[in-house]
Amino acid sequence: MNVPYISGTGPPPEIPLGRFLPPLPTGMVSKWCRDHLETGDWVLDPFGFSPLCAIEAALGGVNILVAANNPIHAFVLRMLASAPEEDALIAALQDLATAPRGETRMEPFIRGLYHTLCVECRHEIEVDAFYWHKEAAKPYAAEVSCPYCGSQGEQILDPEALASIPPLPPEGLHRARALNRIAALDDPLRANVEQTLNTYPSRPLIILQSIINKLETLDQTPRRRDLLTALILSAADQANTLWAHPSPRERPKQIVMPNTFRERNLWQALEEAIDIWQLLREPIPTLDWPSVGSNTEGKAAIYCFTGRVKDLQASELPNKLSATLTVIPRPNQAFWSLSALWTGWIWGQEAVQPIRQVLARQRYDWNWHTNALESVFETLSTLPDPAQTIWGLIPENEPMLLLSALLAANISGFNLDEFTQSEDDQLAQCLWRKKYFPQKSIRPEGALDRARETARVFLEQKGEPASYEQIYAAMITGLAHQNELAIEIFLQNRNQSASETQKLIESVFKEPGFLVQVGEEMASLEAGEYCLKSPQETQPPLIDRLEEQIVLFLVSEGKISSEQAKIVSFQAFPGIFTPREQEVLTCIESYADLVNPEEHEWQLRNSEVPEARRKDVEEIRNHLISIGRRLNFRVTTQDPLCWHEEGVNQPSFSFHVFSSAMICRHLKVGGDNAEIKMMVFPGSRANLLAYKKQRDPILKEKLKRCCLEVKFRLVRDLAANPLLTRKLFLEQIKADPPEYHASQLALF
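Below is a summary of the structure that appears in this document.

Conventions and cut-offs
Residues numbered from 1 in each chain as written. Predicted model: local features only at pLDDT ≥ 70, side-chain atom pairs only at ≥ 80, totals over all residues. Heavy atoms only, no water. Axes fitted to C-alpha atoms, helices over the stretch in contact; angles between N-to-C directions. Helix = DSSP H or I, 4+ residues; strand = E, 2+ residues; numbered from the N terminus. Parallel < 35°, antiparallel > 145°, perpendicular 65-115°, else oblique. Left-handed = near helix turned anticlockwise from the far one by under 90°. Contact = heavy atoms within 4.5 Å. Nonpolar A, V, L, I, M, F, W, Y, C, P; charged D, E, K, R; others polar. Expected span 1.5 Å × (residues − 1). Polar contact = N/O pair within 3.5 Å; in protein donor to acceptor, adjacent residues only side chain to side chain. Pairing = 2+ DSSP bridges. Salt bridge = Lys/Arg side-chain N within 4 Å of Asp/Glu carboxyl O. Buried < 20%, exposed > 50% of the residue type's maximum accessible area, 1.4 Å probe, protein only. 1 Å grid on protein atoms, 1.4 Å probe; cavity = no way out; pocket = protein on both sides within 12 Å on 5 of 7 lines; lining within 4 Å. Points joined across faces, edges and corners; volume = space filled by probe spheres on them.

1. A word on the packing of helix α10 (residues 222–238) against helix α11 (residues 266–276)
Move 1: At a minimum axis separation of 8 Å, α10 and α11 run at an interaxial angle of 125°. It follows that α10 is oblique to α11 by the angle criterion. Note that α10 runs across α11; the crossing there is right-handed. Contacts between α10 and α11 involve Leu231, Ile232, Ser234, Ala235 and Gln238 from the former and Leu266, Ala269, Leu270, Ala273, Ile274 and Ile276 from the latter.
Move 2: Class assignment for the residues of the contact of α10 with α11 results in 9 nonpolar, 2 polar and no charged.

Below is the structure:
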């Protein structure tokens, strides 16, 4: 079931409304399409939450039919795929800028509302943003870049500066219009609309409604109007209070006003949005479904169905769907509520109808989300066989989101065939297939036994402590693979099925005598690391095996690139064992130097060639033999090398001399009963060993309790010291412990 992780070629690109949309690494979906499908194949995206998924699929050479029930999702997808050009976006914004507004024009009207006095030089300036405390009547600070005195950054507004901020036009008509575009006066959801509308302060609300009102009167081509609408949509996202200060990169899930927030200069927001809509250089053909035209360009295309996947008629589907390719959404009340506002503002009440009920739901819990996902999986189970192969991506992966997706699929008869995940990308990749199992009753006791056994096998194979999230993922994917996650008694109450399953899985962590929580942070179940209380036969630690794989490749090839490092590490440790970037990078840097930063290529150091290291080990052993005899110890030269007091069998010191950082194999050496054990290794391995101790609290405790760590360089220095004494020897050894320094480089 565990398969190699498919990585992207770069981080997720910045896209419009990106803080609400699933972050997908660049190139990930295209790579899967090229590896698993033929050019011209058809795939289905039943959720339509990720414009990047559809765009990447088309770039990977396949046609994709996207069911998008949210008009905002559909619009963002169409616009990004159309590859807006900078000149065209600027021209569309210029139409708005020059449109009349009373005795002035729209641009100076909007920019004028963001004027105040520079606190430093007292000149009137335009601010980049105002900063507010929750429920305050006035902003407390402004972000400025003063063209007169050069003052930049946040300025606390004094009374004179506050008094200089221009008064706003009357808000009442603008707020009424903002409400009426979504819900009529007698609409039962009007109160919910008002609650969501309260996320917009007065100035941004007045400006947005003025812009949208003006949009309807501009004489523009449909394309130009769409381009301006795209910029307005970006500004609408910037205008609400869900931009916490000083952490603006948060990804809000609920409509909750932060204690302090940023109010952006909306004209600047419109101008800056020009860049963010230019994701592509060349457009991708995008057609409505059922198609009213034909794709005559010979390219893979995106076909957009406005509605739910269950509203798609089977007879209307492409003849040969090869697979379902989708991003599994997470619950987000904030985005859906704001989508309803934006849809109504831009396209009117009728356009809101497909999603208006989201305004009635103020809380999206995991039970509700599981049921929502299940309804889509259930629809997919009725499609022709090829479409019942689902490659699903789960960005922003966390235990309950993963459980929700796996449980919904299992309930609908989809078996988890393949799984992998990356903690760096915070993303899981699942391959489900519809399986027609004989009907069987899954009982809590049986599922618990399976989960416990899966956790045991995972920890024994990992060979080192694992986090709550890792063990949790191992258990629920193991159950989903065996089609045993959907527990009969829990399904009798669908409004609690996810919660009850969660409680069952979580009980494994609380069982006395099975798992032990280790590490410095153990305040909650999710904190710290876990290991088996009574492990049986375990593998060497995963980090040691990763080091070994990296070294074997470097010795064989002499060099390693970031792409090769990914292939080597992900192939060797697939699925739930996928190594983190820092683990791979720290292993590489211990043996190789970065010789080509642009291509991310490392070269094995001459000093790390096996023959050179064998000579180093022999040299260090000879130094230790010589030092021991100089200090009047009886020296035995087997491995480990030992120093004895004359006439005493128990060694005073043992020395394990090795050239790697794979220290655990030396800790397990039987018969070493020395009072002090010394692990002797090259200095270039010190950072890697310190990193291993940092990530493994058990290893750290073992070394602290019974071992000292010694670098080759120190042994050479001690051997050259003619005044060396036993006391000085031990003092010098203890004075130079390895310390971990995180790399400033990036691997991928």
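2. Quick notes on the packing of helix α15 (residues 399–411) against helix α19 (residues 497–510)
Move 1: Their axes nearest at 10 Å, the elements α15 and α19 cross at an angle of 115°. When you trace α15 past α19, the crossing you get is right-handed. Judged by residue contacts, Met400, Leu403 and Leu407 of α15 engage Ser497, Ala498, Thr501 and Gln502 from α19.

3. A short note on helix α14 (residues 366–380)
Side chains three or four residues apart in an α-helix point the same way, a direct result of the helix having 3.6 residues per turn.
Move 1: Over its 15 residues, α14 runs 21 Å from end to end, which matches the ideal 21 Å to within 8%, given 1.5 Å per residue.
Move 2: A distance of 3.2 Å separates the backbone nitrogen of Asn367 from a side-chain oxygen at the start of α14, and that oxygen is part of Asp365.

4. Brief notes about the sheet that holds strand β26 (residues 676–681)
Sheets are built from strands that pair by backbone hydrogen bonding, the pairs being arranged parallel or antiparallel.
Move 1: With respect to topology, 5 strands assemble into an open sheet ordered β23-β24-β25-β26-β27, the strand pairing being mixed. In this open sheet, the two strands that pair with only one neighbour each are β23 (634–636) and β27 (707–711). Within the sheet, the average angular offset between the axes of one strand and its neighbour, ignoring direction, is 20°.
Move 2: Packed on one face of the sheet, helix α27 (residues 712–719) meets β25 (653–657), β26 and β27 and runs near 80° to β27.

5. Quick word on the pattern of salt bridges
Move 1: Applying the stated criterion across every chain, the model contains 45 salt bridges.
Move 2: The closest approach of N and O atoms between Asp237 and Arg19, which form a salt bridge, is 3.0 Å. Taken together, the residues Asp237 in helix α10 and Arg19 in the segment before α1 (28–36) connect sequence positions 218 residues apart. Pair check on accessibility: Asp237 and Arg19 agree, each one buried.
Move 3: With its nearest N and O atoms 3.4 Å apart, the salt bridge here joins Arg177 to Glu216. Of this pair, Arg177 sits in helix α7 (residues 172–180) while Glu216 sits in the loop between α9 (202–215) and α10, and the two are 39 residues apart along the sequence.

6. Some words on the sheet that holds strand β19 (residues 529–532)
Move 1: Sheet architecture is open: 3 strands sit in the order β17-β19-β18, paired in antiparallel fashion. Unpaired on one side and paired on the other, β17 (466–467) and β18 (515–518) mark the two borders of the sheet.
Move 2: Strand direction decides the pairing type here: β18 and β19, joined by 4 bridges, are antiparallel. Each residue of the ladder has a partner; that of Val516, found in β19, is Cys531.

7. Considerations on the environment of Phe49
Move 1: Inspection of the secondary structure assignment puts Phe49 in the loop between β1 (42–45) and α2 (51–59).
Move 2: Along the primary structure Phe49 and Glu521 are separated by 472 residues, whereas in three dimensions their C-alpha atoms are 36 Å apart.
Move 3: Residues in contact with Phe49, not counting those within four places in the same chain, are Leu21, Pro22, His73, Pro329 and Trp336.

8. Some remarks on empty space enclosed by the protein
Move 1: Counting across every chain of the model gives 3 cavities of 30 Å³ or more.
Move 2: As a volume, the largest cavity reaches approximately 140 Å³.
Move 3: Every residue lining the largest cavity is counted, 16 residues in all, and those nearest its centre are Phe20, Leu21, Pro22, Arg330 and Glu396.
Move 4: Its residues assigned to classes, the lining of the largest cavity comprises 9 nonpolar, 2 polar and 5 charged.

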